[in-house]
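Structure at a glance
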Amino acid sequence: MIRYGQQDITQADIDAVVDVLKSVNLTQGPNIPKFEQSVLAHTGARHAVAVNSATSALHIACLALGLGPGDLLWTTPNTFVASANCALYCGAQVSFVDVDPRTYNLCPWALEEKLIEAEKVGRLPKIVVPVHHTGQPCDLEAIHDLGKRYGFKIIEDASHAIGARYKGEPVGNGRYSDIAVFSFHPVKIVTTAEGGMALTNDDELATRLGLLRSHGITREASLMTQPMDGPWYYQQVALGYNYRMTDMQAALGVSQVARLTQYVKRRHAIADRYSTLLANLPLTLPWQHPDSYSAYHLYVIRLQLEKIGASHLEVFEALRAKDIMVNLHYIPVHTQPYYQMMGFRNGDYPEAERYYREAISIPMHPALTDADQDFVVKVLREAMGL
Ligand SMILES: *Cc1c(COP(=O)(O)O)cnc(C)c1O
């Protein structure tokens, strides 16, 4: 079976996890700050807060930025549901901005148009969540400029994009956003099994994220409202959660992040090879903006259906029938039944919907061999009747 994405686990990863199992702290041990520091070293941000998933990171990022009932968060429909759900957790409302037809990322022009309309009716968003789809960075500078003009905060959902670069700088460095979030789910670039991280350059936001990760509890005198009663003392100063990552996961993360640059290079080599093998077929291949160096979490092809003697579903099923576990990223969030209950309709975001009717994520992960790739291309050609 060839999967669309999967983890790469080395003996060093296994040893790192086993070492923690033999140590005193299975959670809240020394590997958490070590992992946070290793990600900071790659991104150049000031603060990192490791948590148990990117979903949790998005939730506490929204809370740290003060999102609550009556507020609005906008994101792209072409994302995993978590990018939108985080607003609902906070009692806020969600709306979407359609995607750019070339990058499949949130379109800054569509964003500007929607902001102009929203300003007229006094319904501007408090937060916008651009998602770096497939690992290709969004047009962050344009979104950041709009943020300054219209007064919204920015959370980058960089779940696909650790190791990516935008205008020559690492994604996650916070130059164009308030908080950036990474995911370490096994299909992502580096993994901790489950895990996520929120990064920021803002000291106050970092403190809030740290509190929200662990029950809103602090042991730091400077954050308390009165002197400590004694060495046992802690204070709950906010309503937080248990979103902590274990020390085993963090140790795995440290070991994995050591191979981040190598992984992204390998993903680029696979992407380049696909681009050669698939050239001249009735497909739209991933277009790369010159400002971006993608992390290539995914390699998405779009079928030019008018030139192919098979449907989207038929091509997808033909690949799966040969144990090529292709996938589709993403079903537009506004078409999910839960979102339709809120009033969203098919047709609301036509670019994301058109993309959905044509897109297939073909296998992309560091362990993919040339033979695997050749097989994928062969089956794909046959499925398209070529
Ligand atoms: C994977 C993913 C998430 C959720 O990540 P978890 O770590 O599984 O919670 C959120 N947004 C996007 C875009 C993702 O791909």
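Each value, and the rule that gives it
Residues numbered from 1 in each chain as written. Predicted model: local features only at pLDDT ≥ 70, side-chain atom pairs only at ≥ 80, totals over all residues. Heavy atoms only, no water. Near = heavy atom within 4 Å. Polar contact = N/O pair within 3.5 Å; in protein donor to acceptor, adjacent residues only side chain to side chain. Areas by Shrake-Rupley, 256 points an atom, 1.4 Å probe, with all protein chains shown as cover. Helix = DSSP H or I, 4+ residues; strand = E, 2+ residues; numbered from the N terminus. Buried < 20%, exposed > 50% of the residue type's maximum accessible area, 1.4 Å probe, protein only. Domains from an automatic or database assignment. Contact = heavy atoms within 4.5 Å. Buried area = accessible area lost by both parts, 1.4 Å probe. Salt bridge = Lys/Arg side-chain N within 4 Å of Asp/Glu carboxyl O. Core = buried A, V, L, I, M, F, W, Y, C linked by side-chain atoms within 4.5 Å. Phe/Tyr/Trp six-rings, centres within 6.5 Å; stacked < 30°, edge-to-face > 60°.

1. A short note on the site of the ligand
As a structural note, the neighbourhood of the ligand is formed by 15 residues, with Thr55, Asp157, His160, Ser183 and Lys188 the closest of them. Interatomic distance of 3.4 Å between a side-chain N/O atom of Ser159 and a nitrogen atom of the ligand. A distance of 3.0 Å separates an oxygen atom of the ligand from a polar atom in the side chain of Lys188. In isolation the ligand offers 380 Å² of accessible surface; the protein chains occlude 93% of this area. Within the residue set of the shell around the ligand, elements represented by two or more residues are α3 (54-64) and α4 (82-89).

2. Overview of α3
Buried residues dominate α3, accounting for 9 of its 11 residues. Burial in α3 covers these residues: Ala54, Ser56, Ala57, Leu58, His59, Ile60, Ala61, Cys62 and Ala64. Immediately beyond the C-terminal end of α3, within one or two residues, lies Gly66, with a positive phi of roughly 85°.

3. As for the domain arrangement of the protein
With domains assigned, the protein is organised as domain 1 (2-257) and domain 2 (260-383). A straight line from the C-alpha centre of domain 1 to that of domain 2 covers 25 Å. Domain 1 puts 45 residues into the contact, and the matching count from domain 2 is 49 residues. Among the residues domain 1 hides against domain 2, the three largest losses belong to Ile2, Tyr4 and Tyr104. Together they make up 21% of the total.

4. Observations regarding the pattern of salt bridges
Counting across every chain of the model gives 16 salt bridges. For Asp8, the salt bridge identified is with Arg259, shortest N-O distance 3.8 Å. Here Asp8, found in the loop between β1 (2-3) and α1 (11-21), pairs with Arg259, found in the loop between α8 (247-257) and α9 (260-277); they are 251 residues apart in sequence, far enough to count as distant. Residue class for Asp8 comes out partly exposed when judged on its relative accessible area of 26%. Among the residues examined, Arg259 registers a relative accessible area of 11% and is labelled buried. When the shortest N-O distance is used, the salt bridge between Arg259 and Asp13 registers 2.8 Å.

5. Side note on the nonpolar core
If you look at the biggest cluster of nonpolar residues, it comprises 37 residues, and the most contacted ones within it are Cys62, Leu67, Leu73, Phe96, Ile127, Ile155 and Ile179. At 7 residues, α3 tops the list of elements feeding residues into this core. Residues within four places of Cys62 in sequence aside, it is in contact with Leu67, Leu73, Cys86, Cys90, Ile127 and Ile155. Core analysis: the next-biggest nonpolar cluster, separate from the first, contains 36 residues, Leu303, Ala310, Phe316 and Ile324 among them.

6. Looking at the packing of aromatic side chains
All chains considered together, the criterion is met by 11 aromatic pairs. Aromatic side chains Tyr104 and Tyr355 sit 4.6 Å apart centroid to centroid with 50° between the ring planes, which places their arrangement in the tilted category. With Tyr104 in the loop between β4 (93-96) and α5 (108-120) and Tyr355 in helix α12 (residues 350-358), this residue pair connects regions lying 251 residues apart in the sequence. The pair formed by Tyr104 and Tyr355 is uniform in burial state, with each residue classed as buried. Plain terms: the ring middles of Tyr274 and Tyr299 are 4.8 Å apart, the flat faces sit at 35° to each other, and that makes the pair tilted. In this pair, Tyr274 is assigned in helix α9 and Tyr299 in strand β15 (residues 299-303), connecting sequence segments 25 residues apart.

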